[in-house]
Protein chains: 2
Amino acid sequence: MTKDERYQDASLPLPPGVEESLCRCGGIAGLVEQLPDDTIFEQDCGLYRVLADPLRLKILAMLAVQPLCVCVIKTVLDIADSKLSYHLSVLKKAGLIAGDQQGNWIIYSLTELGSEWVSGHGK
Amino acid sequence: MTKDERYQDASLPLPPGVEESLCRCGGIAGLVEQLPDDTIFEQDCGLYRVLADPLRLKILAMLAVQPLCVCVIKTVLDIADSKLSYHLSVLKKAGLIAGDQQGNWIIYSLTELGSEWVSGHGK
DNA sequence: GCCGTGTTTCAAAATAATATGAAATGTAAA
DNA sequence: TTTACATTTCATATTATTTTGAAACACGGC
């Protein structure tokens, strides 16, 4: 048994500790097999990108208290209409909130996904 | 008792449903009181920003299998050294991973925070 | 129909994050 | 001390996200 047969990744010089445990899990190939498909990472990071903004987190927190129309959210955040509308659209596209037109107003509330996330987060 | 006394936010015309429930929780002022401080949102969104990248999520998944040196991660991800180094630094700065120099190599592993996050995520 | 109000859309400008490649750092071994 | 190797740093280019303000849209009341 040559070194090349024992270690799938003999081409890559490694520190002893890593080489050993890596070998035990099937080398680099074995490691890769344990990973989810790349599309999963893309998908997951999509949600994180949506959450990666303080205004959006605050909007979610507000809607966790109760459904609100845009004008109330705007009053609390004190930002321009179009800016708020942009962030609402990001949250909506991600399926975290939904808007319900009621006369002149649009009342936003958390979707099921949205409330799952909020509660699963300890806020 | 005038309308202005009953409703703190009488200045802002609201749809009936929202006005009612908002009034019950102390108006806009009451709503704001229930929200965490802005610094909390800033802080939380910092973590989400770090997680908002597929490469970084994949690196975390790899390190969840076992500690690895940069060259192994690089082989799996197949990206340029400096690019990998950049993403490692982002993860390190966020306290999700830590590097341990061992001879010529640096072996990265999940920190406690890092493994908490990975396991609390069902991956 | 025409207003007034609440909200969204659009294109452009401003800002932030990421990618790239060359040069630098640090380490071990000769 | 020179060399080879693993990794990082730096400056710059590229790309993605956010902001801004004007215009458009949708709804209800006159």
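Keep in mind that this is a model prediction, so the values were computed, not measured.

How each quantity is defined
Residues numbered from 1 in each chain as written. Chains lettered and ligands numbered in written order. Predicted model: local features only at pLDDT ≥ 70, side-chain atom pairs only at ≥ 80, totals over all residues. Heavy atoms only, no water. Domains from an automatic or database assignment. Near = heavy atom within 4 Å. Polar contact = N/O pair within 3.5 Å; in protein donor to acceptor, adjacent residues only side chain to side chain. Helix = DSSP H or I, 4+ residues; strand = E, 2+ residues; numbered from the N terminus. Nonpolar A, V, L, I, M, F, W, Y, C, P; charged D, E, K, R; others polar.

Caption draft 1: Quick look at the domain arrangement of chain A. For chain A, the domain assignment lists domain 1 (3-33) and domain 2 (53-119). Centre-to-centre separation of domain 1 of chain A and domain 2 of chain A, based on C-alpha positions: 49 Å.

Caption draft 2: View of the protein's contact with DNA strand C. Residues in contact with DNA strand C amount to 22 residues; listed here are only the nearest, A:C71, A:S82, A:Y108, B:Y86 and B:H87. Within the backbone of A:V70, an N or O atom sits 3.1 Å from a phosphate oxygen of DNA strand C. One of the side-chain N or O atoms of A:Y108 is found 2.4 Å from a phosphate oxygen in DNA strand C. At the level of secondary structure, the elements contributing two or more residues to the surface near DNA strand C comprise α6 (70-77), α7 (81-93) and β3 (105-110) of chain A together with α7 (81-93) of chain B.

Caption draft 3: Spotlight on the protein's contact with DNA strand D. Lining the immediate surroundings of DNA strand D are 22 residues, of which A:Y86, A:H87, B:V70, B:C71 and B:Y108 lie closest. Close to the protein, within 4 Å, the atoms of DNA strand D are drawn from sugar and phosphate at a rate of 69%. With respect to DNA strand D, the side chain of A:R49 contributes an N or O atom lying 3.3 Å from a phosphate oxygen. B:C71 places a polar main-chain atom, nitrogen or oxygen, 2.7 Å from a phosphate oxygen of DNA strand D. Of all the elements in the fold, those that place two or more residues in the surface near DNA strand D are α7 of chain A together with α6 (70-77), α7 and β3 (105-110) of chain B. Taken together, the residues of the surface near DNA strand D break down into nine nonpolar, eight polar and five charged.

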